[in-house]
Amino acid sequence: MIESSSIKKRIDYFDLMKGVCIILVILHHCDVLHSDMLRCIRMPLYFMLSGMFFKKYSGFFDFTIRKINKLLIPYGAFMLLCFCIFHRINVPLWFLISLFYSYILYYIIEKYLLDRYDSWYLKIVLFVVVSLIAYCLSFVHINNKLTNIVLRYFVISLSTIPYFFFSQTLRRKGILSKNYSDIFLIVVGIVGAAICYFSSVHSINYRKALFEAYPLYYVSAIGGVSAIWALCYKIKGYVSLSD
């Protein structure tokens, strides 16, 4: 049985990571801070955090209904509100649709493939193939506008599946809840930030499903998120979000 103090500690630094993600999104949309490095971190961090809390519940129907209530209904409500007030569609809400598709795709992959085959080699090959399919489809353009939009959301969701797998693996292996020394966290932070900086690419846009320089954007994302994780883990002792 996990002690309540361990749960509190874990929740606190997850919340810190969520806070960092929100700040990065705000800085981007307010045109305050733009850089290739942050562009490669912002959305992967969002999808990795979502993947950490992935849960299949009682079945596919229950899972889908919960995601519709939490993602699609808020999306529809905000879209309607924006259209009624500003007479235009709120484009920045695209991530809610993409996250819904990502959850559904990952549920199917986990239930029918990952749960049946306990082979790390197969899992790695699977997610390399998925990421390659997303990369190749990102160059496909269909003249029909509606079909092109549906394809774009599908491509975005496919590209995020490796992030779900990465975060779920860390959580299930207990890596996220272990105790780490300051030296280890400093090394992870510096190395992760360096990897993100030197592998970050300019030509990446998750909303438009524009992916180039495969697989550098995955390398950059994992390096950047690792650095943020080390930072939030280190300062969790100085910040209590539950008080």
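Residues numbered from 1 in each chain as written. Predicted model: local features only at pLDDT ≥ 70, side-chain atom pairs only at ≥ 80, totals over all residues. Heavy atoms only, no water.

1. Some words on the overall build of the protein chain
Phase 1 of the analysis: On a plain count of helices and strands, the protein chain comes out with 8 helices and 2 strands.
Phase 2 of the analysis: When the helices and strands of the protein chain are placed in sequence order, the string is α-α-α-α-α-α-α-β-β-α.
Phase 3 of the analysis: Against the globule reference of 18 Å for 243 residues, the protein chain gives a C-alpha radius of gyration of 18 Å, in line with a compact fold.
Phase 4 of the analysis: A principal-axis box enclosing the C-alpha atoms of the protein chain has dimensions of 55 × 45 × 35 Å.
Phase 5 of the analysis: Within the protein chain, contacts between residues separated by at least 24 positions form 78% of all contacts whose residues are at least 6 apart in sequence. (Helix = DSSP H or I, 4+ residues; strand = E, 2+ residues; numbered from the N terminus. Rg over C-alpha atoms; globule rule 2.2 N^0.38 Å. Contact = heavy atoms within 4.5 Å.)

2. A look at the pattern of salt bridges
Phase 1 of the analysis: The tally for this structure, following the rule as stated, stands at 6 salt bridges.
Phase 2 of the analysis: Arg 172 is the salt-bridge partner of Glu 110, the closest N and O atoms lying 2.9 Å from each other. Linking Glu 110 in helix α4 (residues 94-114) with Arg 172 in helix α6 (residues 145-172), this pair joins segments that are 62 residues apart in sequence.
Phase 3 of the analysis: Here the residues in one salt-bridge network are Lys 56, Glu 110, Asp 115 and Arg 172, joined through shared partners. (Salt bridge = Lys/Arg side-chain N within 4 Å of Asp/Glu carboxyl O.)

3. Points about the nonpolar core
Phase 1 of the analysis: Grouped together as the largest cluster of nonpolar side chains are 65 residues, with contacts concentrated most on Met 17, Leu 45 and Trp 229.
Phase 2 of the analysis: Those elements that provide at least two residues to this core are α1 (4-29), α2 (36-52), α3 (60-86), α4, α5 (120-137), α6, α7 (182-199) and α8 (216-235).
Phase 3 of the analysis: Excluding its chain neighbours within four sequence positions, the residues that come into contact with Leu 45 are Met 17, Val 20, Cys 21, Leu 24, Val 225 and Ile 228. (Core = buried A, V, L, I, M, F, W, Y, C linked by side-chain atoms within 4.5 Å. Buried < 20%, exposed > 50% of the residue type's maximum accessible area, 1.4 Å probe, protein only.)

4. Section: unusual backbone geometry
Phase 1 of the analysis: The omega torsion across Tyr 214 and Pro 215 is 0°, close enough to zero to call that bond cis.
Phase 2 of the analysis: Of note, the phi angle at Tyr 57 is positive, near 55°, even though the residue is not glycine.
Phase 3 of the analysis: With respect to the secondary-structure elements, Tyr 57 resides in the loop between α2 and α3.
Phase 4 of the analysis: For Ala 209, which is not a glycine, the phi torsion comes out positive at approximately 55°.
Phase 5 of the analysis: For Ala 209, the position within the fold is in the loop between β1 (204-205) and β2 (210-211).

5. Some remarks on the layout of surface pockets
Phase 1 of the analysis: When its volume is computed, the largest pocket comes out at roughly 640 Å³.
Phase 2 of the analysis: Listing elements by their share of the lining of the largest pocket, those giving two or more residues are α1, α2, α4 and β1.
Phase 3 of the analysis: Looking at the lining of the largest pocket, its residues break down into 15 nonpolar, 5 polar and 4 charged.
Phase 4 of the analysis: There is about 290 Å³ of room inside the second largest pocket.
Phase 5 of the analysis: What lines the second largest pocket is a set of 14 residues, among which Phe 127, Val 128, Pro 162, Phe 165 and Ile 222 lie closest to the centre.
Phase 6 of the analysis: Every element with two or more residues in the lining of the second largest pocket is listed here: α5, α6 and α8.
Phase 7 of the analysis: Along the lines of polarity and charge, the residues of the lining of the second largest pocket split into 12 nonpolar, 2 polar and no charged. (1 Å grid on protein atoms, 1.4 Å probe; cavity = no way out; pocket = protein on both sides within 12 Å on 5 of 7 lines; lining within 4 Å. Points joined across faces, edges and corners; volume = space filled by probe spheres on them. Nonpolar A, V, L, I, M, F, W, Y, C, P; charged D, E, K, R; others polar.)

6. Let's talk about the packing of α7 against α8
Phase 1 of the analysis: The contact between α7 and α8 brings their axes to 7 Å, and the two run at 150°. The orientation of α7 with respect to α8, classified from their angle, is roughly antiparallel. Our pair here, α7 against α8, has a crossing hand that is left-handed. The segment α7 lies against α8, with Asp 182, Phe 184, Leu 185, Val 188, Gly 189, Gly 192, Ala 193, Ile 195, Cys 196 and Ser 199 engaging Leu 216, Val 219, Ser 220, Gly 223, Gly 224, Ser 226, Ala 227, Trp 229, Ala 230, Tyr 233 and Lys 234.
Phase 2 of the analysis: Classifying every residue of the contact of α7 with α8 gives 12 nonpolar, 7 polar and 2 charged. (Axes fitted to C-alpha atoms, helices over the stretch in contact; angles between N-to-C directions. Parallel < 35°, antiparallel > 145°, perpendicular 65-115°, else oblique. Left-handed = near helix turned anticlockwise from the far one by under 90°.)

Everything listed here is a matter of coordinates, which is why it stays silent on function.
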